[in-house]
Amino acid sequence: MKRTRTPASRISGFSLVELLVSLAIGLLLLAGLSLIFINSSEANRELQKTAQQIENGRYAIDILTRNLRHAGFYGHLHELPILAAAPDPCETATAANLFNGLGAPIQGFAAPDLVTVPDVTATTCDDKGLLPASNLLPGSDVLVVRRADTQALLPADIAVNNEVYVQSTGILGEVQFGNGAAVGNNKADGNASVLFLKDGLTRAPIRKLHVHVYFVAPCSFGSGANGVCAGGDDTIPTLKRLELTSQGGATVMRLVPLVEGIEYFKVEYGVDSQPPAVNLTTGLTGDANVDAYTLTPANWSEVIAAKVYILARNTERTLHHTDDKSYTLGTTAVPAANDNFRRHVYASAVRAVNIAGRREIP
């Protein structure tokens, strides 16, 4: 049987036009998939930024409120020193000055407006170069919290060399500097204890003294002396803290960065000033109720509560977003920044139970 061969011109396949149409359709599909991928990635990045901002804001509020709740806790000590003047928050050398500072468990320095830094020039924080104007973000306050550690030293525990401790009974207290040895039945400085509990034999508990100074710096990492923000540093506003501690065998105020993206930090202080007469039972004025909130209390020993406000922003810009909102931080209004950062306000009201409890009338 004779077979017929198909001419080469009649072999089926893709023409050039068909190939070009197929390539065009494929490119359109690829462009659509790429656009979906880009939008999904951008949405994921924004979710991550928002999640970080929420975490930062909540963490900052939690740090401040937890510390404020413990303000004024000095172990057994009930009768606090009477303030002759506002204490120095960066005192590190004199035990008597540190002890007198216990009379102001909560203290603050308010920024008068959004373009001015708090005035701390009368403190050694400024003298020591810890809180110069370049290390304070305009408009944000400075908060000082004093308290003792909730865990007392055991006889076998080491009193760290030049760490600051407070030992107290109900009516007497003493600030001591550690000598680097086990406490035993002595003071933190190694001398024989003179403060005992009711049995007259058990020495009064010794606890580390915490003095924390909170503020907002204009950078997250400062390259200047003492970690101060300097030219060329990043511009991420950051909540930071100076804390009384021992470092290299010396008593210092150490700088600790806490939370990035905290743009404004404001505090209103709850004052218990009424009735003004000393109560015969408590030995103090007031009745453990807040009579007014103010930015600048006349007497820091009367502060028994605080309202804390924080404005947190993303640490990275969102290019297609414009923040045209204004924000209210208590009595302070922050106008719209009209930039590419997303922001949110966090607030908390705190009653300092250790301070208010001393004023409660049975």
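Quick note: structure is the one above.
Owing to the predicted nature of the structure, the values given are computational and were not obtained by experimental measurement. (Residues numbered from 1 in each chain as written. Predicted model: local features only at pLDDT ≥ 70, side-chain atom pairs only at ≥ 80, totals over all residues. Heavy atoms only, no water.)

1. Overview of unusual backbone geometry
Now for step 1: Of the consecutive residues Gln-274 and Pro-275, the connecting peptide bond is found in the cis state with omega at -5°.
Now for step 2: Position of Pro-275 relative to the elements: it lies in the loop between strand S8 (262-271) and strand S9 (292-294).
Now for step 3: Phi at Asn-162 takes a positive value of approximately 65°, unusual for a residue other than glycine.
Now for step 4: Mapped onto the elements, Asn-162 comes out in the loop between strand S2 (142-148) and strand S3 (164-168).
Now for step 5: Backbone geometry at Ala-288 places phi at a positive 70°, although glycine is not the residue there.
Now for step 6: Its place among the elements puts Ala-288 in the loop between S8 and S9. (Helix = DSSP H or I, 4+ residues; strand = E, 2+ residues; numbered from the N terminus.)

2. Some words on the sheet that holds S9
Now for step 1: Pairing within the open sheet is antiparallel, and its four strands lie in the order S9-S8-S10-S13. Either end of the sheet is taken by a strand with one partner, and the two such strands are S9 and strand S13 (343-351). Across the sheet, the axes of successive neighbouring strands diverge by a mean angle of 20°, strand direction being ignored.
Now for step 2: When S8 meets S9, the two strands line up antiparallel, connected through three bridges. (Pairing = 2+ DSSP bridges. Axes fitted to C-alpha atoms, helices over the stretch in contact; angles between N-to-C directions.)

3. Quick look at the state of the cysteines
Cysteine pairs can be linked by a disulfide, which is a covalent bond between their two sulfur atoms.
Now for step 1: Applying the stated criterion across every chain yields a total of two disulfides.
Now for step 2: Across the disulfide from Cys-90 sits Cys-125; the S-S distance is 1.9 Å. Measuring the twist about the S-S bond at about 95°, one finds the Cys-90-Cys-125 disulfide to be right-handed. In this pair, Cys-90 is assigned in the loop between helix H1 (16-70) and helix H2 (95-100) and Cys-125 in helix H3 (residues 124-127), connecting sequence segments 35 residues apart.
Now for step 3: Cys-90 gets classed as buried once you look at its relative accessible area, which sits at 0%.
Now for step 4: Each disulfide pairs two cysteine sulfurs, and for Cys-219 the partner residue is Cys-229, the sulfurs being separated by 2.0 Å. Its torsion about the S-S bond being -95°, the disulfide of Cys-219 and Cys-229 is classed as left-handed. In this pair, Cys-219 is assigned in the loop between strand S5 (206-217) and strand S6 (238-247) and Cys-229 in the loop between S5 and S6, connecting sequence segments ten residues apart. The exposure classification of Cys-219 matches that of Cys-229, with both residues buried.
Now for step 5: Sequential numbering of the bridged cysteines in the chain gives the disulfide pattern 1-2, 3-4. (Disulfide = S-S within 2.5 Å. Buried < 20%, exposed > 50% of the residue type's maximum accessible area, 1.4 Å probe, protein only.)

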